[in-house]
Amino acid sequence: MMHAARAAVRLVARVRLARTGLALSFAACALWLAPAHAESKAESRAGGFQFGVIGHSFKTGADETVLKRAIAGATQGNPAFVVATGVKAVSEPCSDKLYTGRHALLNASSVPMVVSLAGSDWSACLNSAGRSNAIDRLNRLRELFYRDSETLGAKRLPVTRLSSSAKFRSYAENAHWQVGKVLFATINLPANNNHYRAEAGRNSEYEDRLVANRAWLHRLFNLAVRQQMEGLVLFSDGDVGLEAEPGFSLLARFESKRDGFAEPRKQIKTLASKFKGKVLLVDTQVVQAAEKEPSIHWQDNVGHLNLAADWTEVRVAPASATLFAIKGPAETAP
């Protein structure tokens, strides 16, 4: 009888010990998971993130090491995506070999990589006879860089292209994507006066793209309004000149030739005035002396970021008054 009683006591002790160990295991597991879960919930509530922008790294000539350094810098903070503004310098050849090499370099990015075309990529290209080869080269870039509905990079984001519309099937370089409550988009506005040609006759490429871009801007702002976006970001090579508009700054805009950006500037200004969120215009056309550090200039709900640096990281903070802010010092070219 004594033996049976002792066995029963030992059994109860073992059960209690097992329960205690199980409880401790659950508690340890909960402690291990809690910080990540809490951080995830905090991030979800805040909705904040950052994205990188690579400035046109070929302003002074062909130097692929500058682009490589910019890619490494822009991707190091694990941003939601990076936008590269241009793939070549004016002085570099408009060859398939160069285009293919730059595609491979940008496609090796560890984060989603978006390519926003620059005028030096296509609009300044000449054939062997010294005549403009812009349209042929633009079409080749479209075939190579915009062949599907995703970004480049090891990790990819889905994008919607203007070419998904039958009427504008050629304009695959215009794309939009969404992160949180912010809509992002590229628009082909090359820095050399929007590729307006002063020669006699119909300015076909410029005029056709003007129609496509007009429809694209309407689609973007309508989508942003309909989905109650907090912000809309437009990436382009050329500066449309909103800062030179009356009421935006005291700087006058003097042009001795037709202003190729007049229509998109007017349209963006009109559409932005009807949008409750923030509009950020990002371009790489240096029209004035570059500032030491990139900064966003605001007027009402429209901000302008002219990027002369190798790369810049932009923080999106929904709780902030301006929604967008430059995150820390950017590395500038030596």
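It should be noted that the structure appears before, not after, this text.
A quick note: this is a predicted structure, and the numbers were derived from the prediction, not measured. (Residues numbered from 1 in each chain as written. Predicted model: local features only at pLDDT ≥ 70, side-chain atom pairs only at ≥ 80, totals over all residues. Heavy atoms only, no water.)

**Section: the nonpolar core**
The nonpolar side chains of soluble globular proteins are, as a tendency, buried together.
Here is step 1 of the chain: Counting 28 residues, the largest nonpolar core has Ile 54, Leu 106, Met 113, Val 115 and Phe 145 as the members making the most contacts within it.
Here is step 2 of the chain: For this core, the secondary structure elements donating two or more residues are α2 (64–75), β2 (82–85), α3 (96–107), β3 (113–116) and α5 (134–145).
Here is step 3 of the chain: Per element, the largest residue contribution to this core is 5 residues, and it comes from α5.
Here is step 4 of the chain: With residues up to four places along the chain from it excluded, the contact list for Val 115 reads Ala 84, Val 87, Leu 106, Phe 145, Tyr 146 and Leu 152.
Here is step 5 of the chain: Formed by 27 residues, the second largest nonpolar core is a distinct cluster that contains Leu 183, Leu 232, Leu 242 and Leu 281. (Core = buried A, V, L, I, M, F, W, Y, C linked by side-chain atoms within 4.5 Å. Buried < 20%, exposed > 50% of the residue type's maximum accessible area, 1.4 Å probe, protein only. Helix = DSSP H or I, 4+ residues; strand = E, 2+ residues; numbered from the N terminus. Contact = heavy atoms within 4.5 Å.)

**Quick look at empty space enclosed by the protein**
Here is step 1 of the chain: Applying the stated criterion across every chain yields a total of 2 cavities of 30 Å³ or more.
Here is step 2 of the chain: For the largest cavity, the calculated volume is near 90 Å³.
Here is step 3 of the chain: It is β3 that provides the largest number of residues to the lining of the largest cavity, a total of 3 residues.
Here is step 4 of the chain: Here the residues of the lining of the largest cavity sort into 8 nonpolar, 2 polar and 3 charged.
Here is step 5 of the chain: Taken as a whole, the second largest cavity encloses approximately 70 Å³ of empty space.
Here is step 6 of the chain: What lines the second largest cavity is simply Ile 187, Leu 189, Leu 234, Phe 235, Ser 236, Gly 238, Asp 239, Val 240, Ile 268, Leu 281, Val 282 and Asp 283. (1 Å grid on protein atoms, 1.4 Å probe; cavity = no way out; pocket = protein on both sides within 12 Å on 5 of 7 lines; lining within 4 Å. Points joined across faces, edges and corners; volume = space filled by probe spheres on them. Nonpolar A, V, L, I, M, F, W, Y, C, P; charged D, E, K, R; others polar.)

**Here we look at unusual backbone geometry**
Here is step 1 of the chain: If you check the backbone angles, Asn 78 has positive phi at about 55 degrees while not being a glycine.
Here is step 2 of the chain: Checked against the element boundaries, Asn 78 lands in the loop between α2 and β2.
Here is step 3 of the chain: Using a relative accessible area of 53% as the deciding quantity, one classes Asn 78 as exposed.
Here is step 4 of the chain: Phi at Asn 193 takes a positive value of approximately 60 degrees, unusual for a residue other than glycine.
Here is step 5 of the chain: Examined against the element boundaries, Asn 193 turns out to sit in the loop between β6 (182–186) and α6 (204–226).

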